[in-house]
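Letter by letter, the chains look like this.
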Amino acid sequence: MSAAQKPHAPTAPAVTLPGRPCSAAAALHVVGEKWALLAVREIFFGNHRFEAIARNTGAPRDRLAARLRSLEQAGVVERRPYNERPPRYEYHLTESGRELAPVIRALLEWGDRWVLEDRPVVMVHEPAADAGTTGGTQSPAHAHDLDAAWICRTCGEEVVMNTLTVDVRAPGWDRSGPREPSPSDV
């Protein structure tokens, strides 16, 4: 079983949502609000204190505080104390929060391509110094703009949209929506 397929214990409380049973809908229930994803972006960028997150997102303070509380309850962020008197906390991504990095990257890339003319934020890849070592010859590490691809862990091929199909496994549903109950369902 690959790391992508490895089951994790859900950190967010289970919810029942209207419409098609879908992990995307459940994920959006947790992080789909604008201020929630922008808070995750800021913490991912290394801004851990409320003041910096508020300044860099432009979120109203009360709404940001509510989003950070909900992200904490869902297990996406954790608060860590940095001052005892008065009590002050920093926000850090949990494993679940760190796994949102590809979502942030995808939103940045989509915005660069379809919304903005200039790239105000660029993800830069800084390979480890020994990552280029082959046969005793070490290539120097070099930083470069990230040009990431979606690679299938099973076959190693790059995934493109026309090679994907949808396998709906939710009982009573198919690709077009809810199925009419069959005699065996009753």
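Above this note sits the structure.
Residues numbered from 1 in each chain as written. Predicted model: local features only at pLDDT ≥ 70, side-chain atom pairs only at ≥ 80, totals over all residues. Heavy atoms only, no water.

What to know about helix H2 (residues 34-44)
1) Next: Most of H2 is tucked away, with eight of its 11 residues classed as buried.
2) Next: Among the residues of H2, those classed as buried are Trp-35, Ala-36, Leu-37, Ala-39, Val-40, Arg-41, Glu-42 and Ile-43.
3) Next: You can read the cap of H2 off the contacts: a side-chain oxygen lies 2.8 Å from the backbone nitrogen of Trp-35, and it is on Glu-33.
4) Next: Positive backbone phi, at 105 degrees, marks Gly-46, one or two positions downstream of H2. (Buried < 20%, exposed > 50% of the residue type's maximum accessible area, 1.4 Å probe, protein only. Helix = DSSP H or I, 4+ residues; strand = E, 2+ residues; numbered from the N terminus. Polar contact = N/O pair within 3.5 Å; in protein donor to acceptor, adjacent residues only side chain to side chain.)

So, the pattern of salt bridges
1) Next: Inspection of every chain in the model, using the stated rule, returns 10 salt bridges.
2) Next: Ionic pairing is found between Arg-61 and Glu-51, a salt bridge with its closest N-O pair at 2.8 Å. In this pair, Arg-61 sits in helix H4 (residues 61-73) while Glu-51 sits in helix H3 (residues 50-57), placing the two residues 10 residues apart along the sequence.
3) Next: Look at Arg-61 and you get partly exposed, because its relative accessible area is 46%.
4) Next: In this structure, Asp-145 and Arg-119 form a salt bridge, with 3.7 Å as the shortest nitrogen-oxygen distance. In this pair, Asp-145 sits in strand S4 (residues 144-145) while Arg-119 sits in the loop between helix H6 (101-114) and strand S3 (124-125), placing the two residues 26 residues apart along the sequence.
5) Next: The exposure class assigned to Asp-145 is partly exposed, which follows from its relative accessible area of 43%.
6) Next: Assessed through its relative accessible area of 45%, Arg-119 is described here as partly exposed.
7) Next: One salt-bridge network, in which partners are shared between bridges, spans Asp-112, Arg-119 and Asp-145. (Salt bridge = Lys/Arg side-chain N within 4 Å of Asp/Glu carboxyl O.)

Notes on a nonpolar patch on the surface
1) Next: On the surface, Trp-110, Trp-114, Val-115 and Leu-116 cluster together into a nonpolar patch covering about 490 Å² of accessible area.
2) Next: Among the secondary structure elements, Val-115 is positioned in the loop between H6 and S3.
3) Next: We classify Val-115 as exposed; its relative accessible area is 54%. (Patch = residues over 30% accessible without salt bridge, like charges linked within 9 Å, V, L, I, M, F, W, Y side chains within 5 Å. Areas by Shrake-Rupley, 256 points an atom, 1.4 Å probe, with all protein chains shown as cover.)

Quick look at the nonpolar core
1) Next: Formed by 22 residues in total, the largest nonpolar core has its most connected members in Leu-64, Leu-71 and Val-76.
2) Next: Of all the secondary-structure elements, those providing two or more residues to this core are H2, H3, H4, strand S2 (88-93) and H6.
3) Next: The element contributing the most residues to this core is H2, with six residues.
4) Next: Sequence-distant contacts of Leu-71, defined by excluding residues within four places in its chain, comprise Val-30, Val-31, Ala-36, Ala-39, Val-40, Val-76 and Val-77. (Core = buried A, V, L, I, M, F, W, Y, C linked by side-chain atoms within 4.5 Å. Contact = heavy atoms within 4.5 Å.)

Some points on the layout of surface pockets
1) Next: There is about 330 Å³ of room inside the second largest pocket.
2) Next: Surrounding the second largest pocket, 14 residues form its lining, Leu-38, Arg-41, Ile-104, Leu-107 and Leu-108 being those nearest its centre.
3) Next: Breaking the lining of the second largest pocket down by element, the ones donating at least two residues are H2 and H6.
4) Next: Ranked by residue count, the leading element in the lining of the second largest pocket is H6, at six residues. (1 Å grid on protein atoms, 1.4 Å probe; cavity = no way out; pocket = protein on both sides within 12 Å on 5 of 7 lines; lining within 4 Å. Points joined across faces, edges and corners; volume = space filled by probe spheres on them.)

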